[in-house]
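Residue-level structural notes
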Amino acid sequence: MTDVSSEQELLEFLYACPVGLIECNAAGEIGLMNPHAMQHLLPLAGARDASNLFSAFEQHAPELRSMAATFEPATGKICDGHRIFVELGLGRQGLTPKVLACTLVKLGPDRLMATLADISQQVVQENRLRQADTWFATLLDDAQGYAALTITPKGEIASANSCFLRQTGHAPADVTGHNLADVLSTDVPGDDMRLDEQLVIAGREGWHLQEGWQRRADGERYWCQRLVVARSSADSLKPRRFSVVLRDVPRREAATADLRRLLTCDHLTGAANRRHFSQMMAKAQGRWRDLREPLSLIALDLDHFKAVNDSHGHSAGDTLLCRVTEVCTALLPPSGIFARLGGEEFGVLLPRHRLEQAMALAEQLRAEIATVAVETSGGVLQVTASLGCATLEEADGSIDALIALADKRLYAAKRAGRNQVFDIRSDVA
Amino acid sequence: MSERERDALPFGVVGFAADTTVQTYNATEARLSGLDPATVVGVPFFEVVAQCMNNFMVAQRFEDEAELDDIVPYVLTLRMRPTKVRLRLLATAGILRRYVLIER
């Protein structure tokens, strides 16, 4: 075999390789990459620099830069199959949202190797499997330890089995006739359904299953699967009774707080990441659809942030991003989610918030961000933010349209001079 | 235009059928990409040869637009190096062959 033909072969191999391969330096400047990698990178980079790995991913995976920067060993795997959620909504024309898996390996002090693969289909399948798994586990797992109740459509307990006492500490005789929601005293973090909300869905779809924390009569917290099933009734469209099954289960996510944090949080700031935000948004959309529960979104972008990075360096910029996240999360209601969506771009998801409430919070966020000051060698660094609010109602229930509308208002706030919340009353467009 | 004239052009010329199978691949493009035209012709262009154009910015446009004559700035990976180029996308209704012209 001659040299020419082996080079040709190698080129053909790399051109046709169905996985993205990238080699870059520590700053992300790409030296070598194959076409498959560019196919993913170029549409993401947009106006940004497609020849720098970190710049190209600034909007979709800003954590890559800080993950590489904080990786201390001289060589080794920085991340393995790190998931990058490319689209926040349901994607173009309702197609599968695109998810990329990125593996980053450090080969030397100034040499990184990355692979990119499209795992969108795999993620869809995983979600489907997880749902089926939870459902089957509920049916098939050890038949001990079910607390079974019958309740009326209003949530009143008609009967409860003896296991209910063992599990919750409440004697069936004492609770019959009471409202189950009062007895359960569920901890409701943002994304859990209240019992009455579950009843609405079970009434329509036949059943609804969720996992979450519950409290026993003595106050102890336990992880609980709660299945609500509508019982059929012969003469009416409305079910007369619901069966409720409570199971005391080990937390399936087995998630130590660390793992959970790793999966849901932005590496640098600790704000929620795009992946988590996207999931929570889909959940909230379901509740808007099923229960007509209001949902608002605030889009937030720091003003002139590129200049901060350019003149004070990325590390000062990073500190500023962390401080902004700190002050903003402190202002958030319990069910709110503050997420870093891109370089200096944040999103605030506000379930059960109407537009006025979201606007009021946005104004608080704006004022608080303006007070943040970071000491640097080059003086005190300050920043302002522009914000836009929108509700899912205004977007006719479409997440893509919701994001687009909040973004549009955010940019209107920028055009109107920055450091402000877009005033909805002046929206004539 | 003869094959010789096409090879002498200062920019890359790729002609392909509606099913994206490459029909012509001129010498300039062969030199830039390092690929022998003999191994490229007859192969699906966007799937095998130019995966980096297999997105909504290039391949999708040939799908969507019957009439196409547009110049777009782009970054290719010629010999695996990110290379800034200008692409001219050409398609005419009624003519089966489409073209991508590539200028460095």
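Residues numbered from 1 in each chain as written. Chains lettered and ligands numbered in written order. Predicted model: local features only at pLDDT ≥ 70, side-chain atom pairs only at ≥ 80, totals over all residues. Heavy atoms only, no water.

A word on the overall build of chain A
Of regular secondary structure, chain A possesses 15 helices and 16 strands. Scored against the burial criterion, the 429 residues of chain A give a buried share of 51%. Long-range pairs, those at least 24 residues apart, make up 56% of the contacts in chain A with a sequence separation of at least 6. (Helix = DSSP H or I, 4+ residues; strand = E, 2+ residues; numbered from the N terminus. Buried < 20%, exposed > 50% of the residue type's maximum accessible area, 1.4 Å probe, protein only. Contact = heavy atoms within 4.5 Å.)

A word on helix α9 (residues 195-205) of chain A
Among the residues of α9(A), L195(A), E197(A), Q198(A), L199(A), I201(A) and A202(A) are the ones counted as buried. On its buried face, α9(A) sits against β6 (146-151), α8 (180-184), β8 (207-215), β9 (221-230), β10 (242-248) and α11 (274-291) of chain A.

Here we look at the pairing of strand β13 (residues 345-351) of chain A
Put simply, side chains in a regular strand alternate between the two faces of the sheet. All names here are of chain A. The buried count for β13 comes to seven of seven residues, which makes it a mostly enclosed element. Taking every second residue as pointing to the same face, both faces of β13 are buried, with E345, G347, L349 and P351 on one and F346, V348 and L350 on the other. One ladder, built from seven bridges, connects strand β11 (residues 295-302) with β13; its direction is antiparallel. Counterpart to L300 in the pairing with β13 is F346. Inspection of the sheet shows strand β12 (residues 337-342) paired to β13 by five bridges, in the antiparallel sense. Bridged to I337 within β13 is L349. Linking β12 back to β13 in an antiparallel pair, the connection comprises two residues. (Pairing = 2+ DSSP bridges.)

Here we look at helix α2 (residues 35-45) of chain A
All names here are of chain A. Within α2, 10 of the 11 residues are buried, which leaves the element mostly enclosed by the surrounding structure. Among all positions of α2, only P35, H36, A37, M38, Q39, H40, L41, L42, L44 and A45 are buried. Positive phi shows up at G46, right after α2, with a value of about 55°.

Here's the deal with the packing of helix α13 (residues 314-331) of chain A against helix α14 (residues 355-370) of chain A
Residues and elements named next belong to chain A. Running from N to C, α13 and α14 point in directions that differ by 145°, and their axes come no closer than 10 Å. In this structure, α13 crosses over α14, and the sense of that crossing is right-handed. Mapping the contact onto sequence places V324, V327, C328 and L331 in α13 and L361, Q364, L365, E368 and I369 in α14. Of the residues contributing to the contact of α13 with α14, the split by class is seven nonpolar, one polar and one charged. (Axes fitted to C-alpha atoms, helices over the stretch in contact; angles between N-to-C directions. Left-handed = near helix turned anticlockwise from the far one by under 90°. Nonpolar A, V, L, I, M, F, W, Y, C, P; charged D, E, K, R; others polar.)

A look at the sheet that holds strand β3 (residues 76-85) of chain A
Residue and element names in this part refer to chain A. The strand order across the open sheet built from five strands is β2-β1-β5-β4-β3, with neighbouring strands paired in antiparallel fashion. Every other strand in the sheet has two partners, leaving β2 (30-33) and β3 as the edge strands with one partner each. For this sheet, the mean angle separating the axes of adjacent strands, direction not counted, is 20°. The pairing of strand β1 (residues 20-24) with strand β5 (residues 111-118) spans five bridges and is classified as antiparallel. Paired with G20 across the two strands is L116, which belongs to β5. Of the strands in this sheet, β3, β4 (99-108) and β5 are in contact with helix α4 (residues 63-70), which crosses β3 at around 170°.

Focus: the packing of aromatic side chains
All names here are of chain B. On inspection of all chains with the given rule, the structure shows seven aromatic pairs over all chains. The interplanar angle of 20° and the centroid separation of 5.5 Å between the aromatic rings of F16 and F45 together place this pair among those described as stacked. Here the residue F16 occupies a position in strand β1 (residues 12-16), and F45 occupies one in helix α4 (residues 45-49), the gap between them amounting to 29 residues. Judged by its relative accessible area of 2%, F45 falls in the buried class. (Phe/Tyr/Trp six-rings, centres within 6.5 Å; stacked < 30°, edge-to-face > 60°.)

Overview of empty space enclosed by the protein
As enumerated under the stated definition, the model contains two cavities of 30 Å³ or more in all. Looking at the largest cavity, its volume works out to about 130 Å³. Every residue lining the largest cavity is counted, 15 residues in all, and those nearest its centre are Y15(A), E29(B), V49(B), A50(B) and L78(B). Counting only elements with at least two residues in the lining of the largest cavity, the list comes to α2 (27-33), α4 and β3 (68-78) of chain B. Ranked by residues supplied to the lining of the largest cavity, first place goes to β3(B) with three residues. A class-by-class count of the residues in the lining of the largest cavity yields 12 nonpolar, two polar and one charged. (1 Å grid on protein atoms, 1.4 Å probe; cavity = no way out; pocket = protein on both sides within 12 Å on 5 of 7 lines; lining within 4 Å. Points joined across faces, edges and corners; volume = space filled by probe spheres on them.)

Description of the environment of A68(A)
With respect to the helices and strands, A68(A) occurs in helix α4. Those residues in contact with A68(A), other than ones at most four positions away along the chain, are F54(A), I78(A), L104(A) and L112(A).

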